[in-house]
Amino acid sequence: MPQRFIKMKQEGEKIAALTAYDATTARLLEAASIDCILVGDSLGMVVKGEKDTLNVQLEETLYHVRAVVAGAPQTFVIGDMPFATFQQSPQQAFANAAKILAAGAAMVKIEGGSNLAETVHFLTQRGIPVCAHVGLMPQTVRASGGYRVQGRGSQAEQVENDAQQMQDAGAAMVVLEMLPQTLSASISEKLQIPTIGIGGGNACDGQILVVYDMLGMSAQQLRFVRNFLADGGSVADAIRAYITAVKDGSFPAQQHSID
């Protein structure tokens, strides 16, 4: 299945992805023909009400993966690897990633750059498909100074190197979070694997948002988010509008991008 997304990149078809954490939402996403669902560790903030993602436990991820897969059995589902489930060793990462796949996910997502290349290689060589995640990495916000734009100035080369090393290690796609759109465009052009942007601008090969943000349910609307329910209609209508806007390139627009 990851080959499908590489083919979409090659053919210039945008990849539309959203998060989901429950069967009901997943069912709506599948009915709208979403390309991909992420069971993100964002559940710590938007489901559990915590201030960050760091307290999400592996057992919670497994629970939500099972729920999403039950609601969207035909859709490609990615399970986020929670904080402290993969940093200790490649062997630890493999044991925990295998549990996420056993719960029904088709791929795992790992935050980190070149420092985790060995781990990503270890996983992919043993049949674990991996989506990498570079740029802003919510699991390290306490060390990096909070939720802010990454990849400016001298940081740009490091982010590009991180993305390249993730591809070289075997990652099948990479999330680019909160990067200047020129940097995301450069990375997307250089990589053979698809880039999925969240605050990364229109040049990424696909887009992802937290579903509650996309529906205007979050207390704070971020710059890179558009409320697709604001124009009226149902939740199902908003999901279809989001997919259409990603596919035709109208989202993200310039006002949703970082200069």
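Structure: above.
This section reports on the structure supplied with the text.

What counts, and where the lines are drawn
- Residues numbered from 1 in each chain as written.
- Predicted model: local features only at pLDDT ≥ 70, side-chain atom pairs only at ≥ 80, totals over all residues.
- Heavy atoms only, no water.
- Patch = residues over 30% accessible without salt bridge, like charges linked within 9 Å, V, L, I, M, F, W, Y side chains within 5 Å.
- Areas by Shrake-Rupley, 256 points an atom, 1.4 Å probe, with all protein chains shown as cover.
- Salt bridge = Lys/Arg side-chain N within 4 Å of Asp/Glu carboxyl O.
- Helix = DSSP H or I, 4+ residues; strand = E, 2+ residues; numbered from the N terminus.
- Buried < 20%, exposed > 50% of the residue type's maximum accessible area, 1.4 Å probe, protein only.
- 1 Å grid on protein atoms, 1.4 Å probe; cavity = no way out; pocket = protein on both sides within 12 Å on 5 of 7 lines; lining within 4 Å.
- Points joined across faces, edges and corners; volume = space filled by probe spheres on them.
- Nonpolar A, V, L, I, M, F, W, Y, C, P; charged D, E, K, R; others polar.
- Contact = heavy atoms within 4.5 Å.
- Axes fitted to C-alpha atoms, helices over the stretch in contact; angles between N-to-C directions.
- Parallel < 35°, antiparallel > 145°, perpendicular 65-115°, else oblique.
- Left-handed = near helix turned anticlockwise from the far one by under 90°.
- Pairing = 2+ DSSP bridges.
- Right-handed = clockwise from strand over helix to strand, strands pointing away.
- Disulfide = S-S within 2.5 Å.

Some remarks on a nonpolar patch on the surface
Taken together, the side chains of Met 45, Val 46 and Val 47 present a nonpolar region at the surface, about 200 Å² in accessible area. Among the structural elements, Met 45 can be located in helix α3 (residues 43-46). We classify Met 45 as partly exposed; its relative accessible area is 32%.

Describing the layout of surface pockets
Taken as a whole, the largest pocket spans an internal volume of roughly 650 Å³. Around the largest pocket, the lining comprises 27 residues; the ones closest to its centre are Met 45, Glu 177, Val 210, Asp 213 and Leu 222. Here the lining of the largest pocket is composed, by residue class, of 14 nonpolar, seven polar and six charged.

Looking at the environment of Ala 245
Checked against the element boundaries, Ala 245 lands in helix α11 (residues 235-248). Since its relative accessible area comes to 4%, Ala 245 is described here as buried. Considering only alpha carbons, one finds Ala 245 and Ile 34, 211 residues apart in sequence, at a separation of 12 Å. Apart from residues no more than four positions distant in its own chain, Ala 245 is found in contact with Arg 226, Phe 228, Ser 250 and Phe 251.

Let's talk about the pattern of salt bridges
The full count for this structure, using the stated rule, is nine salt bridges. Notably, a salt bridge pairs Asp 35 with Arg 4, separated by 2.8 Å at the nearest N-O pair. With Asp 35 in the loop between α2 (23-31) and β2 (36-39) and Arg 4 in helix α1 (residues 2-11), this pair connects stretches of sequence that are 31 residues apart. With a relative accessible area of 5%, Asp 35 lands in the buried category. Look at Arg 4 and you get partly exposed, because its relative accessible area is 34%. Between Lys 109 and Asp 80 there is a salt bridge, with the nearest N and O atoms lying 3.0 Å from each other. Taken together, the positions of Lys 109 in strand β4 (residues 107-111) and Asp 80 in strand β3 (residues 76-80) put the pair 29 residues apart, joining distant regions of the chain. We note that Lys 109, like Asp 80, is buried. Salt bridges sharing partners connect three or more residues here, namely Arg 4, Glu 13, Asp 35 and Lys 247.

Observations concerning the packing of α2 against helix α4 (residues 58-71)
For the pair α2 and α4, interaxial distance at closest approach is 7 Å and the crossing angle is 40°. In terms of axis orientation, α2 runs oblique to α4. Read as a crossing pair, α2 and α4 show a hand that is right-handed. Contacts from Ala 23, Ala 26, Arg 27 and Glu 30 in α2 reach Ala 67, Val 68 and Gly 71 in α4. Taken together, the residues of the contact of α2 with α4 break down into four nonpolar, one polar and two charged.

A look at the environment of Gly 71
Within the secondary structure, Gly 71 is located in helix α4. Residue Gly 71 is classed as buried on the basis of its relative accessible area of 6%. Dropping the residues within four chain positions of it, Gly 71 is found in contact with Ala 23, Ala 26, Arg 27 and Glu 30.

Some words on the pairing of β4
By the criterion of burial, β4 is predominantly enclosed, with five of the five residues buried. Burial of β4 is two-sided: the residues Met 107, Lys 109 and Glu 111 facing one way and the residues Val 108 and Ile 110 facing the other way are all buried. By the bridge criterion, three bridges tie β3 to β4 in an arrangement that is parallel. What sits directly across from Gly 79, in β4, is Val 108. Regarding the hand of the β-α-β motif, the stretch spanning β3, helix α5 (residues 90-102) and β4 is right-handed. Handedness of the β-α-β unit built from β4, helix α6 (residues 117-124) and strand β5 (residues 130-135) comes out right-handed.

Examining the state of the cysteines
By definition, a disulfide is the covalent link that joins the sulfur atoms of two cysteine residues. For the structure on display, the rule yields zero disulfides. There is no disulfide at Cys 36, and the cysteine sulfur nearest it, in Cys 131, is 7.4 Å away. Judged by relative accessible area, Cys 36 falls into the buried class, the value being 4%. The thiol sulfur of Cys 204 is not disulfide-bonded, and the nearest other cysteine sulfur, from Cys 131, lies at 12 Å.

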